[in-house]
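# Fold and geometry: a report
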Amino acid sequence: MNAIACLLVILIHVLSLGISSAEHGSWQAAVIYFPWRLSAFVVPMFLYTGGVKLAGQFGHRQIRWREYVRYLRQRLKKIYLPYVLWVILYYAAFYCIGYVRGEWKEFLSCLLAGNLSSPFYYIVIVMQFYILMPLWVWMFRRVPAWLGLCAALLVTMCMHQFPQLLERLEIGFPYTDRLFATYLIFWVLGLYVGQTYDRMAESLRQKGGLPLGAALLILCAGLSYLGYARGIWIFDLNDVKLAGDLMSILMLHALCLRGQERLGWPGHALDRIYVSSFFVYLSHCLFLTLITGCLQRHGVTGLFPLLAARAVVCYTVPFVLYWLYHKIGTAWKPLRGLLG
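Thresholds applied
Residues numbered from 1 in each chain as written. Predicted model: local features only at pLDDT ≥ 70, side-chain atom pairs only at ≥ 80, totals over all residues. Heavy atoms only, no water. Helix = DSSP H or I, 4+ residues; strand = E, 2+ residues; numbered from the N terminus. Buried < 20%, exposed > 50% of the residue type's maximum accessible area, 1.4 Å probe, protein only. Contact = heavy atoms within 4.5 Å. Areas by Shrake-Rupley, 256 points an atom, 1.4 Å probe, with all protein chains shown as cover. Lys, Arg positive; Asp, Glu negative; His and termini not counted. Charge placed at Lys NZ, Arg CZ, Asp CG, Glu CD. Polar contact = N/O pair within 3.5 Å; in protein donor to acceptor, adjacent residues only side chain to side chain. Salt bridge = Lys/Arg side-chain N within 4 Å of Asp/Glu carboxyl O. Disulfide = S-S within 2.5 Å. Core = buried A, V, L, I, M, F, W, Y, C linked by side-chain atoms within 4.5 Å. pLDDT = per-residue confidence, 0-100. Phe/Tyr/Trp six-rings, centres within 6.5 Å; stacked < 30°, edge-to-face > 60°. Expected span 1.5 Å × (residues − 1).

Another point: the overall build of the protein. Secondary structure summary: the protein contains 15 helices and 0 strands in total. Taking the principal axes of its C-alpha atoms as reference, the protein extends roughly 60 × 55 × 55 Å. Evaluated residue by residue, the protein yields a buried proportion of 47% over its 340 residues. Expressed as a percentage of contacts within the protein between residues at least 6 apart in sequence, the contacts between residues at least 24 apart total 81%. For the protein, the accessible surface area stands at approximately 18,300 Å², while carbon and sulfur atoms represent 67% of it. With 29 positive and 14 negative side-chain charges, the protein shows a spacing of 12 Å between the two charge centroids.

Okay, structure coming up:
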């Protein structure tokens, strides 16, 4: 699931230029919009799988203070330290091409808010979930699944209205999408799935529901497209996206469970992508930005040539770079794991 999500994250960022540049309502915009929108569940899915893994790791153990500190130290080393190093690399590259001013205050703001590049906000969010690990362990042990899920859904839906509340109160805080509570339902769903994983996996593996789920997802994407292309708003799109994300996550989980023993070589390819996925997730937008800027400075302004170049670069260069990094890291252990 995480390997597929990594590939879809790249697709989202490759197509983002078309979302902002194509004429709304044109066939080109429609061709770009639907795969872009249908892929937009990937960050919630990363949180879902994170919740599943945390429940599997700590679901049957008593958490002590030392173990919590060790867990945080591990997360800082494996997740946050690579993020910091990549922010430094991005900032240096962006400074060379004039995208940032080169000020300490600006750099620290980018580091804390995760707004230097599109993938980084996920790190800011997931670190909040890691810090609250004892709460999640207590929750899936003491709180019934129905109550925990209902409460998490209510909090998530309230957080969707939180920016409007702050605006009415004339409070300037543009980072509500960086607060863990905005994504709480996905993490909590993962916790309860991980709590009884064998039973839930068997339930998801059973046939039925996928055609209906796919039809509902296309309907959600169509409603969203009406707002994008025609300015027709039928429902609150935050709620539509929430429902679509939950369906997408569970459907992809079901498909992966059913196909895990029959994938053959695609399964082996996904295994390799998974190993490199965090490195690729953090690095690909650097190459995306650089190739787009380079081509535009040399007179390449057509949308589809730019999209094709962005796709070729992002689906090759980060993976090749990871392979080289892995080879060097194997020979020189201090480098291993440093960048993700």
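Let's shift gears to unusual backbone geometry. The phi angle at Glu170 is positive, at roughly 60 degrees, despite the residue not being glycine. Within the secondary structure, Glu170 sits in the loop between helix 8 (145–168) and helix 9 (184–195).

This part covers the side chain of Arg178. In this fold, Arg178 is placed in the loop between helix 8 and helix 9. Looking at Arg178, the relative accessible area reads 14%, which means it is buried. One polar contact links Arg178 to Asp177, side chain to side chain, over a distance of 2.8 Å. Ignoring sequence-local partners within four residues, the contact set of Arg178 consists of Ala113, Gly114, Asn115, Tyr121, Val124, Ile125 and Gln128.

Once that is clear, we can look at the pattern of salt bridges. When their charged atoms lie close together, side chains carrying opposite charge are able to pair. Applying the stated criterion across every chain, the model contains 5 salt bridges. As a salt-bridge pair, Asp177 and Arg178 come within 2.8 Å of each other at their nearest N and O atoms. Judged by relative accessible area, which is 28%, Asp177 ranks as partly exposed. Here the salt bridges share partners, and the residues they tie into one network are Arg101, Glu103 and Glu106.

Enumeration according to the criterion identifies 0 disulfides in this entry. Free cysteine: Cys256, not disulfide-bonded; nearest cysteine sulfur from Cys6 at 14 Å. Among the residues examined, Cys256 registers a relative accessible area of 21% and is labelled partly exposed. Cysteine Cys285 is unpaired, with the sulfur of Cys314 as its nearest cysteine sulfur at 6.7 Å.

Let us look at the nonpolar core. Membership of the largest hydrophobic core comes to 99 residues, with the highest contact counts inside it found for Leu47, Leu54, Leu116 and Trp187. Setting aside chain neighbours within four positions, we find Trp187 in contact with Leu47, Gly50, Gly51, Leu54, Val126, Phe129, Tyr130 and Trp136.

The next subject is the confidence of the model for the protein. Across the protein, the average pLDDT comes to 89, with 93% of residues at or above 70. When pLDDT is averaged over each element of the protein, helix 6 (residues 121–131) comes out on top at 97 and helix 11 (residues 210–230) at the bottom at 80.

Following the sequence through the fold, Ala22 ends up in the loop between helix 1 (2–21) and helix 2 (27–38). The buried category is assigned to Ala22, whose relative accessible area is 8%. For the pair Ala22 and Gly340, spaced 318 residues apart in sequence, the C-alpha separation works out to 34 Å. Beyond its immediate chain neighbours, meaning those up to four positions away, Ala22 contacts Leu17, Ala29, Tyr228 and Leu303.

A few words now on the environment of Phe278. In this structure, Phe278 sits in helix 13 (residues 265–297). In the structure, Phe278 is positioned 195 residues away from Tyr83 in sequence and 9.8 Å away in space, judged by C-alpha atoms.

Attention now goes to the packing of aromatic side chains. Applying the stated rule across the entire model yields 29 aromatic pairs. Here the aromatic rings of Tyr91 and Phe107 are separated by 5.3 Å at their centres, their planes lie at 75 degrees, and the arrangement is edge-to-face. Placement of Tyr91 in helix 4 (residues 65–96) and of Phe107 in helix 5 (residues 104–113) is noted, with a sequence separation of 16 residues between them.

Its 21 residues give helix 11 an end-to-end C-alpha distance of 29 Å, which sits within 8% of 30 Å, the value for a rise of 1.5 Å per residue. For helix 11, the full list of buried residues reads Leu210, Gly213, Leu217, Cys220, Ala221, Leu223, Ser224, Tyr225, Gly227, Tyr228 and Ala229. At the exit of helix 11 stands Gly231, carrying a positive phi of roughly 70 degrees.

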